[in-house]
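The residues making up each chain are set out below.
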Amino acid sequence: MSGCTTTEQTAPSSEVHVQQTEEVSQAKKSVPLYRVGIDAAYQPFSMVGPDGKATGFDVDSMKWIAKNQGFEVEFLPIAWDGIIPALLAGKIDLVYAGMTITEERKEKVNFSKPYWTVNQMVVVKEGSPITLEQVKNGSVVIGTQRGCTAALWIDENLVNQSLMPAQNLKLYDNTPLAVDDLVSGRIDAVMYDSTVMNDIIAGKPVAKIGMVETNEDFGIAVRKEDTELLEKLNSGLEKLMASPDWEALKQKYKME
């Protein structure tokens, strides 16, 4: 009798354990996982450290939004000039990496509400006599990151207006490489997003000579068909920007 009693008590316990394990597993599967495309060298917004982990203002913001909206994220660094093609091809699900909202990009993707505004900072080698006016009239060799809005501005306002030869616009995989060439004397100036440029030039023999006022708004990009994801991002972003954590993140990454 005792043997039968033991058997009857053990079997249900085992069944309950299996059922709970299956429920937990199913719950994990039901949580969406979104792949976030970032720029690996766009401090303080997004960067990848020596340990291979993504950090930065946008990265931490994305983690906050994901937790608030009930989904998970993983971060994938992608070359900037290929990041929208990667999104459209389904290799990533969104881009959260200081992407400027432009009319050209809006033809391909949808954007969240704006979360940051930047202008284009211009820097030269320390001691250089080059002025902002010379940069704006196209009389110097300018370097910047391939595919960024500085490159678009230079192309549209200088090259296309025949103020600067096309070969005087030097494009790089990332702006730190352009600044290295500036220090080496290979180019005359570098133009790039103001908030980011501060970090790039820190400790280097480089001087700021002014700003090109472009007043660009940053937004999170998604595929046009992903309307539900966009709603989640906008909802989470709105809650984050209204919370004390938004100011804490700005202080953490010295955004202003």
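One structure accompanies this document, and this report is about it.

### Some remarks on the overall build of the chain
- When you go through the chain residue by residue, the secondary structure sums to 10 helices and 12 strands.
- Buried positions account for 45% of the 256 residues belonging to the chain.
- For the chain, long-range pairs separated by at least 24 residues make up 73% of all intrachain contacts whose partners lie at least 6 apart in sequence.
- Put simply, the chain shows about 13,100 Å² of open surface, and 50% of that area lies on carbon and sulfur atoms.

### Here we look at the pairing of strand 12 (residues 206-223)
- Looking at chain direction, strand 6 (residues 94-100) and strand 12 are connected through 4 bridges and run antiparallel. Across the sheet, the residue bridging to Val95 is Ala221, located in strand 12.
- Bridge count between strand 7 (residues 109-111) and strand 12: 3 bridges; the pairing is antiparallel. When the bridges of strand 12 are listed, Val109 appears paired with Arg223.
- Examined bridge by bridge, strand 8 (residues 116-125) and strand 12 share 9 bridges and lie antiparallel to one another. Looking at the pairing, Met121 lines up with Met211 of strand 12.

### Some words on the nonpolar core
- Membership of the largest hydrophobic core comes to 77 residues, with the highest contact counts inside it found for Leu94 and Tyr115.
- With sequence-adjacent residues up to four places away left out, Leu94 is seen in contact with Tyr34, Arg35, Val36, Gly37, Met62, Leu87, Ile220, Ala221, Val222, Leu229 and Leu233.

### Re the packing of aromatic side chains
- By the definition in use, this model includes 11 aromatic pairs.
- In textbook terms, an aromatic cluster arises when at least three aromatic residues are bridged by ring pairs, as seen for Tyr42, Phe45, Phe57, Tyr96, Tyr115, Trp116, Tyr192, Phe218 and Trp246.

### Let's talk about the sheet that holds strand 4 (residues 54-55)
- Spatial strand order, 2-3-4: 3 strands in an open sheet with antiparallel pairing. Looking along the sheet, the strands with just one partner apiece sit at the ends: strand 2 (41-42) and strand 4.
- Across 2 bridges, the pairing between strand 3 (residues 46-48) and strand 4 is antiparallel. Within strand 4, the residue paired with Met47 across the bridge is Thr55.

Cut-offs applied
- Residues numbered from 1 in each chain as written.
- Predicted model: local features only at pLDDT ≥ 70, side-chain atom pairs only at ≥ 80, totals over all residues.
- Heavy atoms only, no water.
- Helix = DSSP H or I, 4+ residues; strand = E, 2+ residues; numbered from the N terminus.
- Buried < 20%, exposed > 50% of the residue type's maximum accessible area, 1.4 Å probe, protein only.
- Contact = heavy atoms within 4.5 Å.
- Areas by Shrake-Rupley, 256 points an atom, 1.4 Å probe, with all protein chains shown as cover.
- Pairing = 2+ DSSP bridges.
- Core = buried A, V, L, I, M, F, W, Y, C linked by side-chain atoms within 4.5 Å.
- Phe/Tyr/Trp six-rings, centres within 6.5 Å; stacked < 30°, edge-to-face > 60°.

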